[in-house]
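Working through the structure, step by step
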Amino acid sequence: MIVIGSDHAGYPLKEKIREYLEENAIPFTDCGVFSEASADYALIAEEACKKIVSGEAEKGILCCGTGIGISMAANKVRGIRAACCSDYYSAKLTRMHNDANVLCLGARVIGWGHALELVNVFLTTEFEGGRHQRRIDQITDIENRR
Ligand code: RB5
């Protein structure tokens, strides 16, 4: 299960991602928003990320204008490793090396065709583990010390 969400600025791209998931029969849940009326990205990020840490969803894809604000908010949720990406290599490597569980995209930064390529590589690339697991554990340790 994939959870998707956006603020108003990310809404048009989130809708393209929703269509992509439907066309590819990828199960998802949509935390909104459902229009371009002004909305606050932190609240959507928290709602979506809670579904990941509870186990209801495996990964998330979140959109705002730049992808930055919603990634900052997502990374405040314990257990979330959100990556704001605008290039293919980063979207792939953040799965292989960082075991990112949330991809954040900037609807005002990248075109939707490119964004769907990033979604595809993010959802299909496995974490490599090994030495990278040690580094993920160190990130978790930071969360546990605060
Ligand atoms: C909304 O205008 C915009 O600030 C938001 O979507 C996002 O880009 C923030 O990081």
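What comes next is a walk through the structure. If you're wondering where the values come from, they're calculated on a predicted model, not measured in any experiment. Position numbers for residues count from 1 along each chain, tracking the sequence in the order it is written. Residue-level local features of this predicted model are given only where pLDDT is at least 70; pairs of side-chain atoms are given and counted only at 80 or more, and the full residue set underlies all totals for whole chains, interfaces and linings. Side-chain metrics rest on all non-hydrogen atoms present in the structure, leaving aside hydrogens and water.

1. So, helix α1 (residues 11-23)
- Under the scheme used here, helices are H or I runs from DSSP no shorter than 4 residues and strands are E runs no shorter than 2 residues, and both carry numbers assigned from the N terminus. Helix span, as expected, comes to 1.5 Å for every residue beyond the first. Along its 13 residues, α1 runs 18 Å from first to last C-alpha, staying within 8% of the 18 Å computed at 1.5 Å per residue.
- Where α1 is concerned, the buried positions are Tyr 11, Leu 13, Lys 14, Glu 15, Ile 17, Tyr 20 and Leu 21.
- When checking whether two residues touch, look at their non-hydrogen atoms; a contact exists if any pair is within 4.5 Å. The inward-facing, buried residues of α1 abut β1 (2-6), β2 (28-30), β3 (59-64), β5 (102-106) and α5 (112-124).
- Following α1 by one or two positions, Ala 25 adopts a phi angle in the positive range, close to 55 degrees. A simple rule labels every residue: compare its accessible area, found with a 1.4 Å probe on the protein chains alone, to the largest value its type can have, and call it buried under 20%, exposed over 50%, or partly exposed in between.

2. Comments concerning the side chain of Arg 81
- Take Arg 81: it is sitting in the loop between α3 (68-74) and β4 (82-84).
- Only 3.2 Å separates the side chain of Arg 81 from the backbone oxygen of Asn 98, close enough to count as a polar contact.
- Among all residues touching Arg 81, those that are not within four sequence positions of it are Asn 75, Asn 98, Asp 99, Ala 100, Asn 101, Val 102 and Ile 136. Definition of a polar contact: a pair of N or O atoms within 3.5 Å, with one able to donate and the other able to accept a hydrogen when the atoms are protein atoms, and with sequence-neighbouring residues admitted only if both atoms are side-chain atoms.

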